[in-house]
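# Overview (structure and organization)
So you can see what is in the structure, the chains are spelled out below.
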Amino acid sequence: MEDITQAHNPALPEFWLQKDPDSAFADMRHEKAVHWHDEPASDWFPEGGRGFWSVVRYEDVVEVSRDQETFTSENGTEIVDMTPEMVHIFGGMLNMSGAAHAHHRAIVNRVLTPRTVEALSDTIRVHARRCIDRVADRGSCDFMQDIVGDFPAQIICELLGVPVDDRDRLVALTGTALSAYGTAEAYNAVLEIIAYAEQLVAQARAQVSDSASFLRKLLSAQVDGERMSDHEIAVFFALLVTAGIETTATSIGQGMYALSLYPEQRRRWQEDFQQLAPRAVEEIVRWVTPVRYFRRTATRDAEIAGQPIAKGDKVVMWYTSANRDESVIDRAWELDFSRAEDRHVAFGGGGPHFCLGAVLARKEMTIFFDELFTRLPDIEVCGEPERLHSNFVNGLAALPVRYTPA
Ligand code: HEM
């Protein structure tokens, strides 16, 4: 296997500490389609992991995403290897493949529908207003902590019928699960989320909780006469909270930052909000790429863009790189709401695991920016963003903003 410089190894924390990781990916894309990367030590592999292939170009990410027979999710979708039990606990359906995944997804699709999301619209608006109004008279604050704050978490909790008193604890556990992804600490946090969810599912089954209607629908949804077990629903619950909070917060926070870098796009959007919203939201998701990668494992000897891949090798699709691939996306570095087509892989490369929450994420972003521009129309970024330096979520820890107090 070939030796790639440390500076170009996205498995290393220092890769994400550099000022411009996107440029490092651009170098990789120009050099070749697939790169071998060694893996540093982790909790489970003190000697270092077994290494992985990085797929950095757009077309190859799409191809790998769509070929689950050759590039399966069922050995895990994070870079670090895990035991089968952990792969199940951390991902549920995200880490399933083939008929089992299709069956699971078909059941979930009966419940998490566009109509379910539409029915949440008013609730989403109430939470957006609450988040903005609580700091509207201040004149300046931190956009991430003070405005976005608990917005996406509250929406997922509303969707799942989590009682208000339990939400802080659940959100804290989700934070631990994501901040230390792949560690023993994260594993224990996910186990606690699942144990909590099992209680909620039991209540929904016993019909003692009025608010658990989503869970009740999941309990009764069936495909080919089969339903999900209580445990499967609890694992799905954990997937929804871990997949749906940080991603949406990142889209909104980094979206605000992107709008500050491209004031002309922002002006256009504010002038014609509803008309431009679908395109603007999609372009923000592409530009931000909240989820940087997901991984697959080769089920047989294969090839990607001429690079032989051995059976069992890990293959990492860098969405963050694919979405800046200028050979496919014209002026990919720019935020531009007038693009003719929404070509991006931020919600996945279009395969069987395409994001189940995309409709909800788009709805949350649209309503949030609508309320933001209505209530604080001159809000502007007034300092440097503080990045999270994670190889998994392209998040912000802080983003200073100022505005005329409302
Ligand atoms: C802008 C926000 C979001 C982004 C960028 C995003 C990104 C992604 C990506 C890239 C995948 C594909 C994984 C793969 O191919 O292995 C995915 C899957 C998934 N997402 Fe999202 N997501 C977002 C919001 C959400 C929300 C709000 C929810 C929850 C309601 C959610 C739930 C899921 C689920 C359940 C899957 C697994 C689908 C499956 O395995 O079939 N996501 N997401």
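An unreviewed UniProt entry lists the protein under the name Cytochrome P450, with Streptomyces himalayensis subsp. himalayensis as the source organism.

### What about helix H18 (residues 358-375)?
Because an α-helix packs 3.6 residues into every turn, residues spaced three or four apart end up facing the same way. Over its 18 residues, H18 extends 26 Å from the first C-alpha to the last, a length consistent with the 26 Å expected when each residue adds 1.5 Å. The complete set of buried residues in H18 reads Leu360, Ala361, Arg362, Lys363, Glu364, Met365, Ile367, Phe368, Phe369, Glu371 and Leu372.

### Regarding helix H14 (residues 246-261)
Its 16 residues place the ends of H14 22 Å apart at the C-alpha level, agreeing with the 22 Å of an ideal helix rising 1.5 Å per residue. With 13 of 16 residues buried, H14 is to be regarded as a mostly interior element.

### A look at the sheet that holds strand S12 (residues 400-402)
The three strands lie next to each other as S4-S12-S9, forming an open sheet whose pairing is antiparallel. A single partner strand is all that each edge strand has here, and the edge strands are strand S4 (140-142) and strand S9 (380-381). Across three bridges, the pairing between S4 and S12 is antiparallel. Counterpart to Asp142 in the pairing with S12 is Pro400.

### Description of the site of the ligand
Lining the immediate surroundings of the ligand are 26 residues, of which Gly244, Gly348, His353, Cys355 and Gly357 lie closest. Among the elements of the structure, helix H13 (230-244), H14 and H18 are those that each provide at least two residues to the shell around the ligand. Residue contributions to the shell around the ligand peak at four residues, all from H13.

### Here's the deal with the packing of helix H11 (residues 184-206) against H13
Taken N-terminus to C-terminus, the directions of H11 and H13 make an angle of 125°; their axes are 8 Å apart at the nearest point. By the angle between their directions, the pair H11 and H13 is classed as oblique. When the axes of H11 and H13 are compared, the crossing they make is right-handed. Between H11 and H13, the contacting residues are Val190, Ile193, Ile194, Ala197, Glu198, Val201, Ala202 and Arg205 on the first element and Asp230, His231, Ile233, Ala234, Val235, Phe237, Ala238 and Val241 on the second. In terms of residue class, the contact of H11 with H13 is made up of twelve nonpolar, one polar and three charged.

Definitions and limits used
- Residues numbered from 1 in each chain as written.
- Predicted model: local features only at pLDDT ≥ 70, side-chain atom pairs only at ≥ 80, totals over all residues.
- Helix = DSSP H or I, 4+ residues; strand = E, 2+ residues; numbered from the N terminus.
- Expected span 1.5 Å × (residues − 1).
- Buried ≥ 20, exposed ≤ 12 C-beta atoms within 10 Å, placed from the backbone.
- Pairing = 2+ DSSP bridges.
- Near = placed C-beta within 6 Å.
- Axes fitted to C-alpha atoms, helices over the stretch in contact; angles between N-to-C directions.
- Parallel < 35°, antiparallel > 145°, perpendicular 65-115°, else oblique.
- Left-handed = near helix turned anticlockwise from the far one by under 90°.
- Contact = placed C-beta atoms within 7 Å.
- Nonpolar A, V, L, I, M, F, W, Y, C, P; charged D, E, K, R; others polar.

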